[in-house]
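Coordinates in review
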Amino acid sequence: MSKAEQKIALITGGSSGVGLATAKKLSALGYTVVISGRDLPKLEEAKKEFSASEIPPFVITADVKEEQQVKQLVEGTIAKFGRIDLVFAAAGVSMRAPFEESKIDAIEHLMKVNFFGVLYLLHHSLPFLKKTKGSFVAMSSLTGRRGVPEYSIYGASKFALQGLLDSVRMEMDRDGIHIGVISTGFIDTPLRQRILGGDGKVLTKTPLLPFRLWPLEKCMEVVMKVILKRQRDAIFPGFIRPLLGFDPINFGRMGDRYLKGKFGYQK
Ligand SMILES: NC(=O)c1ccc[n+]([C@@H]2O[C@H](COP(=O)([O-])OP(=O)(O)OC[C@H]3O[C@@H](n4cnc5c(N)ncnc54)[C@H](OP(=O)(O)O)[C@@H]3O)[C@@H](O)[C@H]2O)c1
């Protein structure tokens, strides 16, 4: 990539998992990458994972729950590089708990990070993405496509995100902005060691997986396709998409029965 066509990517959740893997892939393709998270030492550690041949990432700390910090993150990127071509919203936290055991402050915290964190980022980056006809891509989940026991709150945050981005996509299409949403199953990242319970505290025992845990590299193929081919959305693993099609046919009964069985909620 020549200096004239240098592309700038801003990535939240850039210190770990999907965000970090995406930052490294984009950097290898010649993007200049800004990685963000709350923890500066963790971001500096993440920086060391970039090879000497890649452009080192620029680091900005921000808590996506805080609107002003997200605004400063976008403004800081513009102040340093003058443009933003891609925003990848990967910051997120997981929660697994029955709804009736979930505390209101824990629910609000999760919605703030997973939904408002993305909304603030979209709001503040759109004016700059308009100038570059850039991309805004967010990480969602299969639980943002279909109700799943014990994922009511996490799923609600991702359903909200999907609804927001599906609507804004139509509004911004005439400005040439690409909006992508990636909905995935369980991916092998450090997220699994940080799952919150209904009290908002990290679970001491990682819950058993009802489904396969997919390698991060497999998921990355899908993430990079959405970004580089400016795809509208992706569901990973892909075989889930036709299964979701059964819900309207049998009023969700078959899927409900299957998922209740998987999570131990059958009568
Ligand atoms: N892994 C999965 O199974 C899976 C499945 C479906 C969807 N997803 C979604 O994929 C995205 C990435 O997840 P991952 O698996 O890569 O998780 P991860 O390895 O735990 O990384 C999460 C990232 O988000 C950042 N983060 C968390 N809270 C934040 C906050 N309040 N402000 C700013 N940054 C914050 C973390 O950095 P700090 O903690 O240092 O701030 C970290 O960089 C998430 O949106 C997740 O919901 C993951």
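The notes below deal with the structure included here.

So, how was this worked out
- All chains use their own residue numbering, which begins from 1 and follows the written sequence.
- Since the coordinates come from a predicted model, pLDDT governs what is reported: local features require at least 70, and pairs of side-chain atoms require 80 or more to be given and counted, while whole-chain, interface and lining totals use all residues.
- For two strands to be treated as a pair, DSSP must find no fewer than two bridges joining them.
- A run of H or I in DSSP becomes a helix once it reaches four residues, and a run of E becomes a strand once it reaches two; helices and strands are each numbered from the N terminus.
- With the strands aimed away from the viewer, a crossover counts as right-handed if its path from the first strand over the helix to the second runs clockwise.
- The criterion for a residue being near a molecule or strand is simple: its C-beta atom, placed using the backbone, must lie within 6 Å of it.
- Side-chain classes are defined by residue name, with Ala, Val, Leu, Ile, Met, Phe, Trp, Tyr, Cys and Pro counting as nonpolar, Asp, Glu, Lys and Arg as charged, and the others, Gly among them, as polar.
- Only the stretch in contact is used when a helix axis is fitted, and all axes are lines through C-alpha atoms; the angle between N-to-C directions ranges over 0 to 180 degrees.
- Two residues qualify as being in contact provided that their C-beta atoms, derived from the backbone, are within 7 Å of each other.

By the bridge criterion, 4 bridges tie strand β6 (residues 178-184) to strand β7 (residues 233-236) in an arrangement that is parallel. Pairing of Ile182 across the sheet is with Ala234, part of β7. Viewed along the sheet, the connection from β6 through helix α6 (residues 216-228) into β7 turns out left-handed.

With that out of the way, let us pick up the site of the ligand. Around the ligand, the surrounding shell holds 29 residues, and the nearest of these are Gly13, Gly17, Arg38, Gly92 and Thr189. Put simply, the parts of the chain that give the shell around the ligand at least two residues each are α1 (17-28) and β5 (135-141). A per-element tally of the shell around the ligand places α1 first, with 3 residues. Grouping the amino acids of the shell around the ligand by side-chain chemistry returns 11 nonpolar, 12 polar and 6 charged.

The next point concerns the sheet that holds β6. Taken together, the 7 strands give an open sheet; going across it, the order is β3-β2-β1-β4-β5-β6-β7, and neighbouring strands pair in parallel fashion. Only two strands of the sheet have a single neighbouring strand rather than two, namely β3 (58-61) and β7. The average angle at which neighbouring strand axes cross in this sheet is 15°, direction not considered. Relative to β6, β5 runs parallel, the two being bridged by 7 bridges. Note on β6: the bridge partner recorded for Ser141 is Thr184. Across the face of the sheet, helix α4 (residues 104-132) comes into contact with β1 (8-12), β4 (86-89) and β5 while running at roughly 175° to β4. Against the sheet, helix α5 (residues 152-172) touches β5 and β6, its axis set at about 155° to β5.

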